[in-house]
Amino acid sequence: KDKPLLNMLSWNVRCLTHNKLNIIKHYLDEWTRTAVSENDNLINCLGEKKNYFIDIIGLTETWLQDETKFNTYNIKNYNAVHANRKMGKKGGGLLLFVHKKYQSVIVESGVNDDIEFILLKLFTLNNEFHILLLYRPNGSLDAFLDSLEELILKTCRENLIIIGDMNLNILNKCDTRVKTYTDTLE
């Protein structure tokens, strides 16, 4: 009851370009314009005005390397946090956009061969959440899970939201790696 619903979008962009960023911006503009104009006066069952904004946008495999070019990837009304890939490395890189209506603080971030992550603490009116944006390079699943477990231990599990690309089809229940992954989350 006290926990607000957060609207999130996660996308593996496989190389963030200005064209892809413009698609995201256009999507956000259309989403907001349509939802607000059609449903401006609707109130949810708790008596609160509905939230029509995408609160969190997580992008994986941005391929961004250069710190000086990062500021060209801004979105109006959002604060951005990034973890760039290593120079000379193919793939990777993370970008997390948080709507400006929220206060947030970076807990930790990192990029290596086993895991790429941004762990953020997000403050709402009545609560605190940990947002964990993840990307698993196609390296060792065991090393990824060990790193993931360490990150989870730094949070309150009840208020942890994980988004991203784990390079694992979690709908494939026959894959033993899926069971190992879901066991880690429990």
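Residues numbered from 1 in each chain as written. Predicted model: local features only at pLDDT ≥ 70, side-chain atom pairs only at ≥ 80, totals over all residues. Heavy atoms only, no water.

Q: Just to check I follow, could you spell out the overall build of the protein chain for this structure?
A: Within the protein chain, the secondary structure is distributed over three helices and eight strands. Each helix and strand of the protein chain, placed in order from N terminus to C terminus, yields the pattern β-α-β-β-β-β-β-β-α-β-α. Evaluated residue by residue, the protein chain yields a buried proportion of 40% over its 186 residues. Summed over all atoms, the accessible surface of the protein chain reaches about 10700 Å², with 50% contributed by carbon and sulfur. (Helix = DSSP H or I, 4+ residues; strand = E, 2+ residues; numbered from the N terminus. Buried < 20%, exposed > 50% of the residue type's maximum accessible area, 1.4 Å probe, protein only. Areas by Shrake-Rupley, 256 points an atom, 1.4 Å probe, with all protein chains shown as cover.)

Q: How should the sheet that holds strand E6 (residues 116–123) be read in this particular structure?
A: Strands in a sheet are paired, the pairing made by backbone hydrogen bonds, and the direction either parallel or antiparallel. The mixed open sheet is built from four strands, whose spatial order is E5-E6-E7-E8. On the outer flanks of this sheet lie strand E5 (103–111) and strand E8 (160–165), each paired with one strand and no other. Sheet twist, expressed as the mean angle between neighbouring strand axes with direction ignored, is 15°. Relative to E8, strand E7 (residues 128–135) is paired through six bridges, and the arrangement is parallel. Counted as the bridge partner of Leu 133 is Ile 163 from E8. Contacting E5, E6, E7 and E8, helix H2 (residues 141–153) crosses the sheet at an angle of about 165° to E7. (Pairing = 2+ DSSP bridges. Axes fitted to C-alpha atoms, helices over the stretch in contact; angles between N-to-C directions. Contact = heavy atoms within 4.5 Å.)

Q: Quick question: what am I supposed to make of the pairing of strand E4 (residues 94–99) here?
A: The two faces of the sheet receive side chains in turn, since in a regular strand these alternate between them. Most of E4 sits out of view: six of its six residues are buried. Neither face of E4 is exposed, since Leu 94, Leu 96 and Val 98 on one face and Leu 95, Phe 97 and His 99 on the opposite face are all buried. By the bridge criterion, five bridges tie strand E2 (residues 56–60) to E4 in an arrangement that is antiparallel. What sits directly across from Thr 60, in E4, is Leu 94. Of the pairings in the sheet, the one linking strand E3 (residues 78–83) to E4 comprises six bridges and is antiparallel in character. Across the sheet, residue Ala 80 finds its bridge partner in E4, namely Phe 97.

Q: What's the story with the pattern of salt bridges in this structure? I'm lost.
A: Pairing between side chains becomes possible if they bear opposite charge and their charged atoms approach one another. On inspection of all chains with the given rule, the structure shows four salt bridges. Note that Glu 61 and Arg 14 form a salt bridge whose closest N and O atoms lie 3.4 Å from each other. A residue pair is termed long-range when its members are at least 10 positions apart, and Glu 61 in the loop between E2 and E3 and Arg 14 in the loop between strand E1 (8–12) and helix H1 (18–39) qualify at 47 residues. A relative accessible area of 51% places Arg 14 in the exposed class. (Salt bridge = Lys/Arg side-chain N within 4 Å of Asp/Glu carboxyl O.)

Q: For this particular structure, what's the right way to read the sheet that holds E4?
A: With mixed pairing, four strands are arranged side by side in an open sheet as E1-E2-E4-E3. Two strands in the sheet have a free side with no partner beyond their single neighbour: E1 and E3. Across the sheet, the mean angle separating the axes of adjacent strands is 10° when strand polarity is ignored.

Q: Before we go on, may I ask you to explain the side chain of Asn 159 in this structure?
A: Among the secondary structure elements, Asn 159 is positioned in the loop between H2 and E8. Within polar-contact distance, the side chain of Asn 159 engages the side chain of Asn 127 at 3.2 Å. (Polar contact = N/O pair within 3.5 Å; in protein donor to acceptor, adjacent residues only side chain to side chain.)

Q: Is there a simple way to explain the environment of Ile 106 in this structure?
A: With respect to the secondary-structure elements, Ile 106 resides in strand E5. Overall, Ile 106 belongs to the partly exposed group, its relative accessible area being 46%. For the pair Ile 106 and Ile 118, spaced 12 residues apart in the sequence, the C-alpha separation amounts to 7.5 Å. Discounting chain neighbours no more than four positions away, the residues touching Ile 106 are Val 81, Leu 119 and Leu 120.

Q: Just to check I follow, could you spell out the nonpolar core for this structure?
A: Soluble globular proteins tend to pack their nonpolar side chains together in the buried interior. Residues Leu 6, Ile 56, Leu 96, Val 98, Ile 118, Leu 122 and Ile 131 are the most contacted members of the largest nonpolar core, which totals 18 residues. For this core, the elements supplying multiple residues, two or more each, are E3, E4, E6, E7 and E8. Per-element tally for this core: the top contributor is E7, with four residues. Filtering out sequence-adjacent residues up to four positions away, Leu 96 remains in contact with Ile 56, Ile 57, Gly 58, Asn 79, Ala 80, Val 81, Ile 118, Leu 120, Leu 133 and Ile 163. (Core = buried A, V, L, I, M, F, W, Y, C linked by side-chain atoms within 4.5 Å.)

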